[in-house]
Number of protein chains: 2
Amino acid sequence: MVTVIPDSEFSDRVKRVQRELDRQDLDCLIAHSNESDPANVRYLSDYWPVFESAGVVVPRDGDPILLIGPESELYARDRSRIKKIMKLLEYRESAEPDYPGMRLSTFRDVFEEATGGRKVKRLGIAGYAIMPLPVIEGLRKVLPETEFVKADNILRRLRSLKSENEIAALRESSRTAEKAIESVLEKIKPGMTELQVVGIAQQALYENGAEYEGHALYVFSGKNTRHAISRPTHKKIRENELIQLNIGARVSGYSSSIGRPISIGRMPQNVRKLVEIGLELHQETRDLMREGIPAKEVAEKFLKSAERKGVKENVLYGPCHGIGLMEVEPPWIETTSDYVLKRNMTFQVDTFLYSSDFGLRWEDAVRVTENGVETFCNRWEMIMEI
Amino acid sequence: MVTVIPDSEFSDRVKRVQRELDRQDLDCLIAHSNESDPANVRYLSDYWPVFESAGVVVPRDGDPILLIGPESELYARDRSRIKKIMKLLEYRESAEPDYPGMRLSTFRDVFEEATGGRKVKRLGIAGYAIMPLPVIEGLRKVLPETEFVKADNILRRLRSLKSENEIAALRESSRTAEKAIESVLEKIKPGMTELQVVGIAQQALYENGAEYEGHALYVFSGKNTRHAISRPTHKKIRENELIQLNIGARVSGYSSSIGRPISIGRMPQNVRKLVEIGLELHQETRDLMREGIPAKEVAEKFLKSAERKGVKENVLYGPCHGIGLMEVEPPWIETTSDYVLKRNMTFQVDTFLYSSDFGLRWEDAVRVTENGVETFCNRWEMIMEI
């Protein structure tokens, strides 16, 4: 089932941004997205770029404008909920083609259109971490006296509290990933490569409603499971070794992930032991979470419990990060976190433990409720030796 | 078959960069890559980032350094051909976690290590189009007096001439994509969604040696084929409508793509006519290409031929772009191109025509030779009504 977020929810998002611009005395916001982080632009327009990048300008008053690259016009016109669309060279592919003869707008046109020529004293920038030089230089050229302000807080705060439609999309994303894990558990065999197993999962994701992978899929085995971040390889999977699955679907824009450590046949005793401790920690973290709890308290208690269990050295980060339009999005839950959990915040509880020989990750998407959390996937919550 | 590019080829690449730094009076190069454009970092180190971004610093003399984010250390150590690796907060995920307590290097450490404390007067920047603010600001802080110079030309020139190993990887990439198209042609049925067909292709790519998709796969049907750039949708495929397939595999880092317009049953007469003209143009472009020909001449003759055939209005860009570590990489072949085709340059001949109702793309990877081109895929070079 595909969740269609109505136009009214998109225009409501823009209005909330505008109220916040007013509060923070910003004249305009410019959000940036690229192929690997489409979140801010998708949140405001439902458009998500591929090959090219994209932006949205939201003036304090008036209509937002979607900014796209030279080749995406018909795609954007068919898909964007923002009806004003402008094409700029700054959003072209990283190969930097010239497109001789093509009519393109400039940032001067954009701000003329957005503000009716009013002066932009302070410009908020959302997507600061991925904002590339050509866009910043293009902006600087037409706004030489404007103060540029990192304004990620605006969209982060809005995005962190999910609407009913967003929650429906995340539930569906989880259901789609479950189908892929079912397919993997049914078909995985010793001798297959990690990448061949990725292919099984991909086929099932797209068969069952995904519009894309939720993240680059993880199928790691043996020593490769030590990697917190990695790419699957041509290594063949063997019996009795740890296999790490992290499978996520993007559905209606929303991504979550299900992470399970499994083995074909028995896990060695030392492996099984750390997997068991990981599962205990994973369940404890979920038990700690509910509306009103300070986020840092969850992180502190997680670390204390890891210490008591003798695995503090095996922790790299954690224990949670936000999910929504990205499988990893703000806010994280860390000991430095300075906020309180609210109802309808959604997180990945991401319990990763590693040693010099192997690593494992229990990972589940949850929604914060008044009394605890709703876990989107309630399956395979045990140690799987298939 | 997986092509393993030997360590010697990687160290040779670094040496060539250093010779060019010397020639251009640059003290250092810093290259940037992210999940959607891993090319420069992969070219120098074989490492490709996921979730996080990455960089490589190449000093004019001495050893290069791979720069990674906080979570990628073990992955990078297992995979990078560059043995000096430093972890910096600037390369973290776009969600910007804090990683409290983690030991990280700074750009000050990086340049101390790279240059032994010698002054960096001029710093070349490769990957300018994707260079994000946090990295630039981190550099600016420790190099306040340094001149930053866009230096994409260095890696672009090196990358544009493929070695025997790179050509082998591209041939294999094409073979893998062929397997995926075979699988699609065998299984595609009216009533499937575009995305379900993507799943069929994905499974076959990973089954046959791909380490990833070469690009976000295209399966578009009906009106969606008008989009030069787009994302496949949940639209169901019907008989007698145009279906556009663009399938690419990434193999050993190298990506190409095969593009074919097909239909299940007969195409309507007006559709078939434009598809035929597209195929003529596509073959003509390949016939124009060989070592020694100015690139712009190919583009000019393509446009003239399109005009003669009455389809100039249906052209958006073209007719070719480079391929290698990206499915779209420099150089393009445009009327503004200012270089001559050389042996072992590789291109996608990318013939896209669109109208208000539909569009079509013939696309093939080729290698420039003394007498013409080697086309990597010689199959389905006719109009397919299956």
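Residues numbered from 1 in each chain as written. Chains lettered and ligands numbered in written order. Predicted model: local features only at pLDDT ≥ 70, side-chain atom pairs only at ≥ 80, totals over all residues. Heavy atoms only, no water.

Some words on the pairing of strand β6 (residues 147-150) of chain A
Residue and element names in this part refer to chain A.
Right, so step 1: As paired elements, strand β5 (residues 122-126) and β6 share 4 bridges and run parallel to each other. Within the sheet, the bridge partner assigned to leucine 123 lies in β6 and is phenylalanine 148.
Right, so step 2: Taking the sense of rotation as the criterion, the β-α-β connection linking β5, helix α5 (residues 133-142) and β6 turns out right-handed. (Pairing = 2+ DSSP bridges. Helix = DSSP H or I, 4+ residues; strand = E, 2+ residues; numbered from the N terminus. Right-handed = clockwise from strand over helix to strand, strands pointing away.)

Side note on the state of the cysteines
Disulfides are covalent bonds that connect the sulfur atoms of two cysteines.
Right, so step 1: Here the structure, examined in full by the defined rule, presents 0 disulfides over all chains.
Right, so step 2: Between cysteine 377 of chain A, a cysteine without a disulfide, and cysteine 320 of chain A, which holds the nearest cysteine sulfur, the sulfur-to-sulfur distance is 16 Å. (Disulfide = S-S within 2.5 Å.)

Describing the packing of aromatic side chains
Right, so step 1: Applying the stated criterion across every chain yields a total of 20 aromatic pairs over all chains.
Right, so step 2: Note on tyrosine 218 of chain A and phenylalanine 51 of chain B: the rings are 6.1 Å apart at their centroids and 90 degrees apart in plane angle, and the pair reads as edge-to-face. With tyrosine 218 of chain A in strand β8 (residues 218-221) and phenylalanine 51 of chain B in the loop between α2 (39-45) and β2 (54-59), the pair connects residues from two separate chains.
Right, so step 3: Judged by relative accessible area, which is 3%, tyrosine 218 of chain A ranks as buried. (Phe/Tyr/Trp six-rings, centres within 6.5 Å; stacked < 30°, edge-to-face > 60°. Buried < 20%, exposed > 50% of the residue type's maximum accessible area, 1.4 Å probe, protein only.)

As for the side chain of threonine 3 of chain B
Residue and element names in this part refer to chain B.
Right, so step 1: Mapped onto the secondary structure, threonine 3 falls in the segment before α1 (7-23).
Right, so step 2: Judged by relative accessible area, which is 10%, threonine 3 ranks as buried.
Right, so step 3: Residues in contact with threonine 3, not counting those within four places in the same chain, are Asn165, Ala168, Ala169 and Ser252. (Contact = heavy atoms within 4.5 Å.)

Observations regarding the interface of chain A and chain B
Right, so step 1: Chain A puts 72 residues into the contact, and the matching count from chain B is 72 residues.
Right, so step 2: Summed over both partners, the interface of chain A with chain B comes to about 6,600 Å²; 60% of that surface belongs to carbon and sulfur atoms.
Right, so step 3: Our count for the contact surface shared by chain A and chain B stands at 6 salt bridges.
Right, so step 4: Here glutamate 96 of chain A and arginine 156 of chain B are joined by a salt bridge, their closest N and O atoms 3.0 Å apart.
Right, so step 5: It is helix α8 (residues 194-207) of chain A that contributes the most residues to the side of chain A that touches chain B, 9 residues altogether. (Buried area = accessible area lost by both parts, 1.4 Å probe. Salt bridge = Lys/Arg side-chain N within 4 Å of Asp/Glu carboxyl O.)

Some words on the relation of the copies chain A and chain B
Superposition of the two copies of the chain requires a rotation about an axis and a shift along the axis.
Right, so step 1: You can overlay chain A on chain B at an RMSD of 0.0 Å; the transform is a turn of 180 degrees with a shift of 0.0 Å along its axis. Put plainly, the chains are arranged around a two-fold axis. Among all residues of chain A, the minimum C-alpha distance to the rotation axis is found for proline 132 of chain A, at 2.1 Å. (Least-squares fit on C-alpha atoms with pLDDT ≥ 70 in both.)

Comments concerning the pattern of salt bridges
Right, so step 1: Applying the stated criterion across every chain, the model contains 86 salt bridges over all chains.
Right, so step 2: With its nearest N and O atoms 3.5 Å apart, the salt bridge here joins glutamate 9 of chain B to arginine 13 of chain B. In this pair, glutamate 9 of chain B and arginine 13 of chain B both sit in helix α1, 4 residues apart, roughly one turn of the helix. Considered together, glutamate 9 of chain B and arginine 13 of chain B belong to a single accessibility category, that of buried residues.
Right, so step 3: Arginine 367 of chain B is the partner of glutamate 374 of chain B in a salt bridge, and the nearest nitrogen-oxygen pair spans 2.7 Å.
Right, so step 4: Note on arginine 367 of chain B: relative accessible area 13%, which makes it buried.
Right, so step 5: Bridged by salt links that share partners, the residues Asp7, Arg42, Asp46, Arg79, Arg81 and Glu211 of chain A form one connected network.

Describing the environment of glutamate 73 of chain B
All names here are of chain B.
Right, so step 1: Inspection of the secondary structure assignment puts glutamate 73 in helix α3 (residues 73-79).
Right, so step 2: The contacts of glutamate 73, once residues within four sequence positions are left out, are Ile68 and Lys87.
Right, so step 3: Engagement of the side chain of glutamate 73 in a polar contact is seen with the side chain of lysine 87, the distance being 2.7 Å. (Polar contact = N/O pair within 3.5 Å; in protein donor to acceptor, adjacent residues only side chain to side chain.)

A word on the domain arrangement of chain A
Residue and element names in this part refer to chain A.
Right, so step 1: Annotation of chain A at the domain level lists domain 1 (7-159) and domain 2 (164-385).
Right, so step 2: Look at where the C-alpha atoms of domain 1 and domain 2 centre, and you get two points 33 Å apart.
Right, so step 3: Of the residues lining the interface, 11 residues belong to domain 1; the matching set on domain 2 comes to 12 residues.
Right, so step 4: At the boundary of domain 1 with domain 2, total buried surface from both sides reaches about 1,000 Å², with 51% on carbon and sulfur atoms.
Right, so step 5: Area buried by domain 1 at its contact with domain 2 is led by Arg42, Trp48 and Arg159, which between them contribute 45% of it.
Right, so step 6: Taken together, domain 1 and domain 2 are joined by 3 salt bridges.
Right, so step 7: Two residues, glutamate 211 and arginine 42, come together in a salt bridge whose shortest N-O distance is 2.6 Å.
Right, so step 8: Counting across the domain 1 and domain 2 interface gives 4 residue pairs in polar contact (both at pLDDT 80 or more).
Right, so step 9: Counting only elements with at least two residues in the side of domain 1 that touches domain 2, the list comes to α1 (7-23), α2 (39-45) and α6 (152-160).
Right, so step 10: With 3 residues, α2 is the single largest residue contributor to the side of domain 1 that touches domain 2. (Domains from an automatic or database assignment.)

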